[in-house]
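Report on the structure
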2 protein chains.
Amino acid sequence: MAEYTNMSKEELLREKELLQKKYDEFKAMGLSLDMSRGKPCKEQLDLSMGMLRADIDYTENGIDTRNYGILDGIPSCKKLFAELLGVDVKNIIAGPNASLTLMFDYITQCFAHGVLGETPWREIKNLKFICPVPGYDRHFTILEYFDIEMINIPINSDGPDMNAVRELVKDPSVKGMFCVPKYSNPTGITYSDEIVREIAALKPAAKDFRIIWDNAYFIHDLDDNGDELLNIFDVLSEYNNEDMVIEVCSTSKITFSGAGVSAIAASDANIKQIMKRLNCQTISYDKMNQLRHSRFFGDVSAVKEHMKKHAAILKPKFEIVLKHLENELGGLGIASWVNPNGGYFISLDVMNGCAKRVGELCKGAGVTLTPVGATYPYGKDPNNSNIRIAPSFPPVDELDLAAQILCVSVKIAAIEKLVG
Amino acid sequence: MAEYTNMSKEELLREKELLQKKYDEFKAMGLSLDMSRGKPCKEQLDLSMGMLRADIDYTENGIDTRNYGILDGIPSCKKLFAELLGVDVKNIIAGPNASLTLMFDYITQCFAHGVLGETPWREIKNLKFICPVPGYDRHFTILEYFDIEMINIPINSDGPDMNAVRELVKDPSVKGMFCVPKYSNPTGITYSDEIVREIAALKPAAKDFRIIWDNAYFIHDLDDNGDELLNIFDVLSEYNNEDMVIEVCSTSKITFSGAGVSAIAASDANIKQIMKRLNCQTISYDKMNQLRHSRFFGDVSAVKEHMKKHAAILKPKFEIVLKHLENELGGLGIASWVNPNGGYFISLDVMNGCAKRVGELCKGAGVTLTPVGATYPYGKDPNNSNIRIAPSFPPVDELDLAAQILCVSVKIAAIEKLVG
């Protein structure tokens, strides 16, 4: 098949006729397929049922985990996260079930009390954050809730465009940046060592500039040759910048998405300030659930083994989607995508101006995609070209159909644009 | 024994000598007893172990509780809380393990976005809250964190001094009030129907005045003749004031203090605004834990039966402390206390100026009390007279000793004051 951009109008219209027929056949099937959210599937959730034991002793080192107290989490759970993230136990707080809450609450804290003695953000006008795009919609939602202006910068195959970042951080009203450094949501790329170093070396004008390092997919490889992410805390100290990064992660996509354990990793000074807030906000997070987790895994190698079981379920799902993208869109010059080594998403870029139309077409044939634009601040994809595909939840046979419908839709939308 | 205030200096000094001897004997025992926090004891926590079953089906009405989603909580858990609090299911959100978090986060929301379209609190100077005292230290901590000025008003045997409240709410910078309406922390009293009606009828100058109705002990009776609290939501509508009250509660002292489920009850408009924030703050709270709770109990009557088991453990603990107070301090004119029908505390008022000294003496003999002053904003008891006794955690034999030491300490401190 030739590139669409090299075809004549007549050829394109003939092609469209064939596609339309195919599309109508799919439509007639009355399907209802959902590739919209990065939810684990039932088989993945089943992997962790072993932790729900009635017969474990809910005490640890004399701590009755059922009772109040131990604000920073039980020792075994903190230790597990410390080893997973490669930081010291004292720099970990084990949190609630969603790391989103840790991020939202941290921004709240910056509003109410400011960062380590700096002016509280609530007293500052025109706060800005840097947003590598496409990115995670829920990061943008937090910033929008607090009325923080979001500035888009491109994300490349090795991470954010650092020239753009370095330029922006000269502005003292630029207060932070959200990053998903490994298997980035949605592009699937992992920041290169060089980019991580450049981030760690930033010298922002704002002393209270904070990078929210959302390491959501830190151990979520699809096979044995997963990406390696440089541990930013190993580098930050070289630049005397330990306080600049707040790292979060969770077991949401390791154990139970709605009932996992999250963790925050941060410098001594940041941990101290976070603990001060936590002391007002809660008496303790769910330590019984922390204990279930640390007992179920024991150590990092058990978590790694466990993640291989997830990969075995997820990989065929990614493969079926990628196979259709490759077979049906490859070489047409109308779409590009990244083949990720882990994470939860495939990011598909269609022709500029076509993503919304693709979404409509998919919807018309019973396939729900993440709302087009959601991967950009304010829901506005300036190029109207990015589509986030979430293959984790539906069964393989449904994905097979959904991916075909998606490909047909991408082609129809492209032809509609090309023939005008 | 005569009232201390009627005794001569010589009599008092003789009495003190005897007390000092007794005190020294206790001291020599090298005890370490803790009556400082309202923590359930192990036997209470054991009552709920039945909910930790590996064999329950974690789905409800097609909802896989292990996965993301259902921001307001699963239907069965919301229904249980709705019945417990006497409100409509649509006015309930099932929350995280600590109701403290619901309260802190609600104040956060008022800061960031204001109340139902009013000016965000972060833009308002000199915010004030009304604090019935003595009260719950963690309420004060929240207000202090947000730099909200706390104004003490007395709490009487039937609830807050409403004349003082009505006077204060004329000031538009007075934005709210924290209440523990049943088995008030620490005084143990329950607001009378009349007081609840007067609260519901308030017409504060501030449209965004909010009463945080912390119904922490809503079902926590010590015997069958528990106090009855009028359901404020039944009355608010009469005064067109449904939006004024945010009620919270939790199962912290029903199931597991560190791993229960909390709930918020509020008007349609407030629920809507809270949900908007929750949508930014989390993906869902722990629905597996919600399901454990609703399956374990099923309905309100099961919760009531369960609470009788708590009462059977707690009542002897309250009785032993009250027995010593009665026998050893009764009639001396140096202390007063309330005999509560439920809740977690006995509030003891010693002679003005003596509470800190009592705390010191207790500590010297190995008994830890809640820090004196903690029951007041900023940790400052203006009369230096209130002591919160928390009898739930220690075993009865330890309480027996601790209460004796407390009584001796109260007497010594009183004599020290009287002889000057």
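Since we're looking at a predicted model, the values are computed, not measured. (Residues numbered from 1 in each chain as written. Chains lettered and ligands numbered in written order. Predicted model: local features only at pLDDT ≥ 70, side-chain atom pairs only at ≥ 80, totals over all residues. Heavy atoms only, no water.)

Points about the relation of the copies chain A and chain B
The cut-off we apply is this: Only residues with pLDDT of at least 70 in both copies contribute their C-alpha atoms to the least-squares superposition of the copies. The contact rule is simple, with two residues in contact once any of their heavy atoms fall within 4.5 Å.
Taken as rigid bodies, chain A and chain B are interconverted by a rotation of 180 degrees and an axial shift of 0.0 Å, the fit giving an RMSD of 0.0 Å. Both copies are brought into coincidence by an operation consistent with a two-fold rotation axis. Mapped onto chain B, 100% of the interface residues of chain A again fall at the interface, so both copies present the same surface.

Describing the sheet that holds strand 13 (residues 346-350) of chain A
Residues and elements named next belong to chain A. Test applied: When DSSP finds two or more bridges between two strands, those strands count as paired. Working definition: helices are DSSP H or I runs of at least four residues, strands are E runs of at least two. Numbering for both runs from the N terminus. For helices, the fitted line uses only the C-alpha atoms of the stretch in contact; every axis is such a line through C-alpha atoms, and the angle between N-to-C directions lies from 0 to 180 degrees.
Pairing within the open sheet is antiparallel, and its three strands lie in the order 12-13-15. The sheet terminates laterally at strand 12 (335-337) and strand 15 (386-389), the two strands that pair on one side only. Ignoring which end each strand starts from, the neighbouring axes of this sheet average 25 degrees apart. Pairing geometry for strand 13 and strand 15, over four bridges, is antiparallel. Considered in strand 15, the bridge of Asp349 is made with Asn386. The sheet contacts of helix 11 (residues 300-329) involve strand 12, strand 13 and strand 15, and relative to strand 13 the element is tilted by about 20 degrees.

With respect to the interface of chain A and chain B
For clarity, the threshold we go by: Simply put, the buried area is the total loss of 1.4 Å probe accessible area from both parts when two parts are fitted together. Whenever Lys or Arg places a side-chain nitrogen within 4 Å of a carboxyl oxygen from Asp or Glu, that contact is recorded as a salt bridge. Polar contact is defined as a pair of N or O atoms within 3.5 Å, subject to the rule that within protein one atom must be able to donate a hydrogen and the other to accept it, and that residues adjacent in sequence are counted only when both atoms are side-chain atoms.
Counting residues at the interface gives 53 residues for chain A and 53 residues for chain B. When chain A packs against chain B, the two sides together hide about 4,700 Å² of surface, and 57% of this comes from carbon and sulfur. When the buried surface of chain A facing chain B is broken down by residue, Arg66, Tyr68 and Tyr145 of chain A rank first, second and third, together holding 18% of it. For the interface between chain A and chain B, the tally reads two salt bridges. For Arg66 of chain A, the salt bridge identified is with Asp46 of chain B, shortest N-O distance 2.7 Å. Linking chain A to chain B there are 22 residue pairs in polar contact (both at pLDDT 80 or more).

Concerning the pattern of salt bridges
In plain terms, the rule: When accessible area is computed with a 1.4 Å probe and restricted to protein chains, residues below 20% of their type maximum are described as buried, those above 50% as exposed, and intermediate ones as partly exposed.
In this structure the tally under the stated criterion is 40 salt bridges over all chains. One salt bridge in this structure joins Lys175 of chain B and Asp208 of chain B, with 2.8 Å as the shortest N-O distance. You can see Lys175 of chain B sitting in strand 8 (residues 174-179) and its partner Asp208 of chain B sitting in the loop between helix 7 (193-200) and strand 9 (210-214), a full 33 residues away along the chain. Exposure remark for Lys175 of chain B: the relative accessible area of 7% places this residue in the buried category. Through salt bridges with shared partners, a single network forms among Lys16, Arg357, Glu360 and Glu416 of chain A.

So, empty space enclosed by the protein
What counts is decided by this rule: Detection works on a 1 Å grid of protein atoms alone, calling trapped sets that fit a 1.4 Å probe cavities and calling open sets with protein on both sides within 12 Å along at least five of seven lines pockets, with lining residues defined by an atom within 4 Å of a point. Grid points are joined across faces, edges and corners, and a volume is the space filled by probe spheres set on the points. Throughout this entry, Asp, Glu, Lys and Arg are counted as charged residues, while Ala, Val, Leu, Ile, Met, Phe, Trp, Tyr, Cys and Pro are counted as nonpolar. The remaining residues, Gly among them, count as polar.
Under the counting rule described, the total for this entry stands at eight cavities of 30 Å³ or more. Roughly 270 Å³ of internal volume is contained in the largest cavity. Every residue lining the largest cavity is counted, 24 residues in all, and those nearest its centre are Pro96 and Asn97 of chain A together with Pro96, Asn97 and Asp286 of chain B. Here the residues of the lining of the largest cavity sort into six nonpolar, 14 polar and four charged.

Considerations on the sheet that holds strand 5 (residues 128-133) of chain A
Residue and element names in this part refer to chain A. Pairing is mixed across the open sheet formed by eight strands, whose spatial order is 4-11-10-9-8-5-6-7. At either margin of the open sheet sits one strand with a lone partner, and together these are strand 4 (92-94) and strand 7 (159-160). Helix-sheet contacts for helix 5 (residues 137-145) involve strand 5, strand 6 (149-156), strand 8 (174-179) and strand 9 (210-214), and the interaxial angle to strand 5 is about 160 degrees.

Observations concerning the packing of aromatic side chains
Operational definition: A pair of aromatic rings is counted whenever rings of Phe, Tyr or Trp (Trp by its six-membered ring) have centres within 6.5 Å, and the orientation is called stacked for planes under 30 degrees apart, edge-to-face for over 60 and tilted otherwise.
Under the counting rule described, the total for this entry stands at 22 aromatic pairs over all chains. Both rings, one in Phe104 of chain A and one in Tyr145 of chain A, keep their centres 5.5 Å apart while their planes meet at 50 degrees; by these two values the pair is tilted. Of this pair, Phe104 of chain A sits in helix 4 (residues 99-113) while Tyr145 of chain A sits in helix 5, placing them 41 residues apart in sequence. In this structure Phe104 of chain A comes out as buried when scored by relative accessible area, which is 1%. When the ring of Tyr217 of chain B is compared with that of Tyr344 of chain B, the centres are 5.9 Å apart and the planes differ by 25 degrees; the resulting orientation is stacked.

Concerning unusual backbone geometry
Peptide bonds are, in most cases, trans, and in most cases residues other than glycine have a negative phi. Residue and element names in this part refer to chain A. Of the consecutive residues Val133 and Pro134, the connecting peptide bond is found in the cis state with omega at -5 degrees. Tracing the backbone shows Pro134 in the loop between strand 5 and helix 5. The phi torsion at Asn126 lies on the positive side, around 60 degrees, for a residue other than glycine. Relative to the assigned elements, Asn126 resides in the loop between helix 4 and strand 5. Of note, Asn240 is a non-glycine position whose phi angle comes to about 55 degrees, a positive value. If you trace the backbone, Asn240 turns up in the loop between helix 8 (232-236) and strand 10 (245-250). Asn240 sits in the exposed class, given a relative accessible area of 64%.

Focus: the packing of helix 12 (residues 355-364) of chain B against helix 13 (residues 396-419) of chain B
Residues and elements named next belong to chain B. As a reminder, the rule being used: Between 65 and 115 degrees an angle is taken as roughly perpendicular, under 35 as roughly parallel, over 145 as roughly antiparallel, and anywhere else as oblique. Each helix crossing is assigned a hand: it is left-handed if the near helix lies turned anticlockwise from the far helix by less than a right angle, otherwise right-handed if that turn is clockwise.
Closest axis-to-axis distance for the helix 12/helix 13 pair is 9 Å, and the angle between their directions is 135 degrees. Put simply, helix 12 runs oblique to helix 13. Considering the relative orientation of helix 12 and helix 13, their crossing is right-handed. Facing Arg357, Val358, Leu361 and Cys362 of helix 12, the residues of helix 13 in contact are Ile405, Leu406, Ser409, Val410, Ile412, Ala413 and Glu416. Per-class residue counts for the contact of helix 12 with helix 13 are eight nonpolar, one polar and two charged.

Here's the deal with the side chain of Arg138 of chain B
Test applied: Lys and Arg are tallied as positive, Asp and Glu as negative. Neither His nor the chain termini are counted.
With respect to the secondary-structure elements, Arg138 of chain B resides in helix 5 (residues 137-145). For the buried Arg138 of chain B, no salt bridge is present, and the opposite-charge side chain at shortest range is Asp137 of chain B, 5.1 Å distant. At 3.2 Å, the side chain of Arg138 of chain B forms a polar contact with the backbone oxygen of Asn279 of chain A. Excluding its chain neighbours within four sequence positions, the residues that come into contact with Arg138 of chain B are Asn279, Thr282 and Ile283 of chain A together with Arg37 and Leu100 of chain B.

With respect to the packing of helix 4 of chain A against helix 5 of chain A
Residue and element names in this part refer to chain A. In contact at an axis separation of 10 Å, helix 4 and helix 5 are set at 25 degrees when each is read in the N-to-C sense. In this view, helix 4 runs roughly parallel relative to helix 5, as classed from their interaxial angle. The handedness of the crossing between helix 4 and helix 5 is right-handed. Together, Leu100, Met103, Phe104 and Ile107 of helix 4 and Arg138, His139, Ile142 and Tyr145 of helix 5 make up the contact between the two elements. When the residues that make up the contact of helix 4 with helix 5 are grouped by side-chain class, the tally is six nonpolar, one polar and one charged.

Focus on the side chain of Ser257 of chain B
Relative to the helices and strands, Ser257 of chain B is located in the loop between strand 10 (245-250) and strand 11 (262-265). Of the polar contacts made by the side chain of Ser257 of chain B, one reaches the side chain of Asn67 of chain A; its length is 3.3 Å. Every residue in contact with Ser257 of chain B, bar those within four places of it in the chain, is listed here: Arg66, Asn67 and Tyr68 of chain A together with Pro40, Leu45 and Ser252 of chain B.

Quick word on the pairing of strand 11 of chain B
Residue and element names in this part refer to chain B. Going residue by residue along strand 11, you find Ser262 and Ile264 tucked away on one face and Ala263 and Ala265 tucked away on the opposite face as well. Taken together, the three bridges between strand 4 (residues 92-94) and strand 11 define a ladder with antiparallel strand orientation. Across the sheet, the residue bridging to Ala94 is Ala263, located in strand 11. The pairing of strand 10 with strand 11 spans four bridges and is antiparallel. Looking across to strand 11, one finds that Glu247 is bridged to Ala265.

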